[in-house]
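Spelled out, the chains give:
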Amino acid sequence: MRVSIAKGGLPRVRVDLVAVPVLSDEDPRGEAKKLIRRLGRPLQREMERSGFTGEEGQSLAYQSEGKNWVFLGLGKRADLTTEAWRRFGYRSARSAADRGAEKLACYLPIDEADSVTLPVAEGVRLASYRFDRYKSEKEKSKKKELGELVMVGPTLKADREDDGRWRKLEVVAKAVFLARDLVNEPASFTTPTRLAEQAKALAKEGLAVEVWDKRRLAAEKFNGTLAVSRGSSEEPRFIKLTYRPPAKAAKGERGARLKKVALVGKGITFDSGGLSLKPAKSMETMKTDMAGAAAVLGVMSAVAKLRPMVEVTGYVPAAENLPGGGAQKPGDVITFLNGKSVEVLNTDAEGRLILADALCYASRAKPDVLVDLATLTGACMVALGVEVAGIMGNDQALIDRLIALGREAGEPLWQLPLVKDYREDIKGTIADIKNVGSGYGGTITAGLFLQEFVDCPSWAHLDIAGPAFVEKDFVWASKGGTGFGVRTLVRFIEELGQGG
Ligand code: BES
Ligand code: MN
Ligand code: ZN
């Protein structure tokens with residue numbers, strides 16, 4: 001998608017559709033109202049008839065002056081956030097797709113237009129995603145792809161072609177789409193082996209990639225990943241991706257030491273529950289259980305292109321959780337790399353078992369920051385719904401930063417407490433710990449379980465079970481994998497790279 005800022009103003013723009021944001025408390029002498037007046041009485045009558053007042057979510061299509069217009073309500077001026085502009089972008093792109101438009105203009109008749117072009121363009125770009133590999137040709141051709149976005153407004157400054165904003169936007173969008181693709185592909189396609197191949201493909205982008213097979217996992221005593229994968233004929237894998245900043249620059253002018261970030265992503269390519277089998281309904285979407293891994297691969301792909309001044313390592317334990325003849329059994333005991341033993345009472349609490357391997361291993365490299373992402377608990381969806389991820393950890397400053405960046409990125413995070421007393425709930429009988437609690441506070445006990453394997457003073461755990469996958473179209477994502485987490489973490493890494 002080509003993005004540009006039009007020089008000549010609205011009359012000169014030749015596009016298939018012009019999207020115009022309208023506030024519910026629009027200044028009567030402002031540019032938006034001026035445009036509406038200019039377009040004439042029929043438009044104003046149409047607005048009155050349909051009750052279009054600029055409330056959030058309202059839209060009105062109109063034809064005049066040889067143009068197709070869509071007016072989109074954004075609500076009150078005081079409520080306008082970055083996310084509101086991104087949503088204006090999403091909705092503009094949806095309107096364009098519904099009308100088969102290939103060229104879209106967003107008219108931004110506001111004073112601060114320069115500060116919203118980025119979120120608007122990001123919204124448009126993210127909404128252009130489609131996963132139709134498996135659709136027949138007939139179905140596919142229904143909607144045209146958006147080829148061009150033009151932004152135009154009375155206060156907009158002409159594009160500074162070289163500031164890299166649109167390039168960065170494209171890099172991040174591609175990273176999000178990679179994560180979405182990996183999730184949307186059926187589980188029989190995105191196997192642990194396939195995930196590893198995808199990671200190897202990223203080596204070309206300038207990452208060091210290491211993949212461990214089953215034998216190596218056994219040699220390294222990755223007993224959680226091995227135990228979970230035993231019920232499946234798909235072999236497990238462990239993937240390690242490393243990005244190192246350019247050597248010359250790495251010394252830094254201020255002689256500052258380079259920071260090291262470790263990312264860990266849950267890569268259960270299909271979660272049947274194992275012998276603690278899930279009911280059919282709960283299994284329908286369980287190809288999404290590698291969304292944490294997909295997000296880590298997405299972030300790494302973006303980092304390779306953006307080349308920030310931070311060392312970043314992505315760790316992905318990947319396995320399929322099936323109830324085959326070799327499957328681990330409830331009551332089995334696993335001993336982990338840090339010496340702790342775990343009684344597996346429920347084989348459906350498998351994510352924490354593969355993450356325990358990866359967290360122990362990642363901790364050994366002594367990263368400054370350790371962040372894991374996992375579709376870990378249904379309980380998190382009960383608590384926060386499908387639009388918000390849970391965040392827990394041992395470093396409040398890190399959690400606060402991620403929450404703030406998530407808000408900016410439109411990926412809301414909400415903190416849950418790692419209540420110390422609940423540690424009792426996962427005490428083992430014949431082993432140190434058990435892999436499930438009594439049932440209440442399931443997201444927190446899962447977090448406490450992970451903490452047992454973290455040896456890093458700055459750790460955050462993101463439970464993305466809700467927002468990683470949506471079962472209906474939302475304003476901010478269409479049905480399926482969302483790539484949740486990619487945009488927040490890319491922002492976080494870039495910020496660290498700037499010495500923040
Ligand atoms: N992958 C699931 C969690 C999940 C549920 C993700 C729904 C996305 C949507 C996880 O492995 C799981 O099965 N968790 C169990 C834990 C329980 C056995 C303690 C759960 O949430 O029921
Ligand atoms: Mn499970
Ligand atoms: Zn799972």
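Model, not experiment: these values are computed from the prediction.

Chemist: What should I look at first to understand the site of ligand 1 in this one?
Modeler: Near ligand 1, the surroundings consist of 16 residues, among which Lys-278, Asp-289, Asp-348, Glu-350 and Gly-378 are the closest. Between ligand 1 and Lys-266, the relevant distance is 3.2 Å, taken from an oxygen atom to a side-chain nitrogen or oxygen of the residue. Across the complex, the protein chains shield 77% of the 520 Å² of accessible surface that ligand 1 would expose by itself. Residue composition of the shell around ligand 1, by class: five nonpolar, four polar and seven charged.

Chemist: Can you help me understand the pairing of strand 14 (residues 369-374) in this one?
Modeler: Regular strands show a simple pattern: their side chains alternate between the two faces of the sheet. In terms of burial, strand 14 is a largely internal element, six of the six residues being buried. Both faces of strand 14 are covered, namely the face carrying Val-369, Val-371 and Leu-373 and the face carrying Leu-370, Asp-372 and Ala-374. As defined by bridge partners, strand 14 adjoins strand 18 (residues 459-463) across five bridges and the pair is classed as parallel. Residue pairing for strand 18: Ala-374 is matched across the bridge by Asp-463.

Chemist: Whenever I open this one, the coordination of the manganese ion (ligand 2) confuses me. Can you help?
Modeler: When a metal holds four donors in a tetrahedron, each ideal angle between them is 109.5 degrees; when it holds six in an octahedron, the ideal angles are 90 or 180 degrees. The protein atoms that coordinate the manganese ion (ligand 2) are Asp-271 (OD), Asp-348 (O), Asp-348 (OD) and Glu-350 (OE), at distances spanning 2.1 to 2.2 Å. Read in sequence order, the donor residues for the manganese ion (ligand 2) give the motif D-x76-D-x1-E. Between the manganese ion (ligand 2) and the zinc ion (ligand 3), a spacing of 3.1 Å is present, and a bridge between the two is formed by Asp-271. Of the two residues, Asp-271 sits in strand 10 (residues 267-271) while Asp-348 sits in the loop between strand 13 (341-344) and helix 13 (351-364), which places them 77 residues apart along the sequence. We classify Asp-348 as partly exposed; its relative accessible area is 23%.

Chemist: Would you explain the sheet that holds strand 6 (residues 148-152) in this entry?
Modeler: Sheet strands associate in pairs through backbone hydrogen bonding, adopting either a parallel or an antiparallel arrangement. Spatially, six strands are ordered 1-6-5-2-4-3 in an open sheet, and the strand pairing comes out mixed. The open sheet has two edge strands with one neighbour each: strand 1 (2-5) and strand 3 (59-64). Each neighbouring strand pair of the sheet contributes to a mean axis angle of 25°, computed without reference to strand direction. Sheet topology places strand 5 (residues 103-107) next to strand 6; five bridges connect them, and they run parallel. By the bridge assignment, Tyr-107 is partnered in strand 6 with Val-152.

Chemist: Is there a simple way to think about the coordination of the zinc ion (ligand 3) in this case?
Modeler: Protein coordination at the zinc ion (ligand 3) comes from Lys-266 (NZ), Asp-271 (OD), Asp-289 (OD) and Glu-350 (OE), with a distance range of 2.0 to 2.4 Å. In the primary sequence, the donor residues of the zinc ion (ligand 3) line up as K-x4-D-x17-D-x60-E.

Chemist: Whenever I open this one, the side chain of Arg-86 confuses me. Can you help?
Modeler: Along the polypeptide, Arg-86 turns up in helix 3 (residues 82-98). A distance of 2.8 Å separates the side chain of Arg-86 from the side chain of Glu-122, its partner in a polar contact.

Chemist: Before we go on, may I ask you to explain the nonpolar core in this structure?
Modeler: Most often, soluble globular proteins keep nonpolar side chains buried together rather than apart. Counting 98 residues, the largest nonpolar core has Met-151, Leu-263 and Leu-402 as the members making the most contacts within it. If sequence neighbours within four positions are ignored, Leu-263 has contacts with Val-296, Val-299, Met-300, Val-312, Thr-313, Gly-314, Tyr-315, Val-371, Leu-489 and Ile-493. The next biggest cluster of nonpolar side chains, apart from the first, holds 43 residues, and it includes Trp-212, Ala-262, Cys-360 and Trp-459.

Chemist: Quick question: what am I supposed to make of helix 12 (residues 291-306) here?
Modeler: Given 3.6 residues per turn, any residue in an α-helix points the same way as the ones three and four places further on. For helix 12, built from 16 residues, the straight-helix expectation of 22 Å at 1.5 Å per residue is met to within 8% by its first-to-last C-alpha distance of 22 Å. Taken across its 16 residues, helix 12 has 15 buried, putting it largely inside the fold. Positioned one or two residues after helix 12, Arg-307 has a phi angle of 45°, which is positive.

Chemist: What is the right way to read helix 1 (residues 31-38) from this model?
Modeler: Along helix 1, the residues classified as buried are Ala-32, Leu-35 and Ile-36. All buried residues of helix 1 fall inside an arc of 100° around its axis, so they share one side. Looking at the buried residues of helix 1, the elements they touch are strand 2 (17-23), helix 2 (41-50), strand 4 (67-75) and strand 5.

Chemist: Honestly, the pattern of salt bridges in this entry has me stumped. Any pointers?
Modeler: One pass over the full model with this rule turns up 34 salt bridges. Between Glu-170 and Lys-174 there is a salt bridge, and its shortest N-O distance comes to 3.3 Å. Pair noted here: Glu-170 and Lys-174 are both in helix 6 (residues 165-184), with a separation of four residues, about one helical turn. The buried category is assigned to Glu-170, whose relative accessible area is 19%. What makes Lys-174 partly exposed here is its relative accessible area of 46%. Bridged by salt links that share partners, the residues Glu-83, Arg-86, Arg-87, Glu-122, Glu-411, Arg-487 and Arg-491 form one connected network.

Conventions used here
- Residues numbered from 1 in each chain as written.
- Chains lettered and ligands numbered in written order.
- Predicted model: local features only at pLDDT ≥ 70, side-chain atom pairs only at ≥ 80, totals over all residues.
- Heavy atoms only, no water.
- Near = heavy atom within 4 Å.
- Polar contact = N/O pair within 3.5 Å; in protein donor to acceptor, adjacent residues only side chain to side chain.
- Areas by Shrake-Rupley, 256 points an atom, 1.4 Å probe, with all protein chains shown as cover.
- Nonpolar A, V, L, I, M, F, W, Y, C, P; charged D, E, K, R; others polar.
- Buried < 20%, exposed > 50% of the residue type's maximum accessible area, 1.4 Å probe, protein only.
- Helix = DSSP H or I, 4+ residues; strand = E, 2+ residues; numbered from the N terminus.
- Pairing = 2+ DSSP bridges.
- Donors = N, O, S within 2.8 Å, 3.2 Å for Na, K, Ca; no water.
- Axes fitted to C-alpha atoms, helices over the stretch in contact; angles between N-to-C directions.
- Core = buried A, V, L, I, M, F, W, Y, C linked by side-chain atoms within 4.5 Å.
- Contact = heavy atoms within 4.5 Å.
- Expected span 1.5 Å × (residues − 1).
- Arc of directions from axis to C-beta.
- Salt bridge = Lys/Arg side-chain N within 4 Å of Asp/Glu carboxyl O.

Keep in mind that these numbers describe shape and distance, not what the molecule does.
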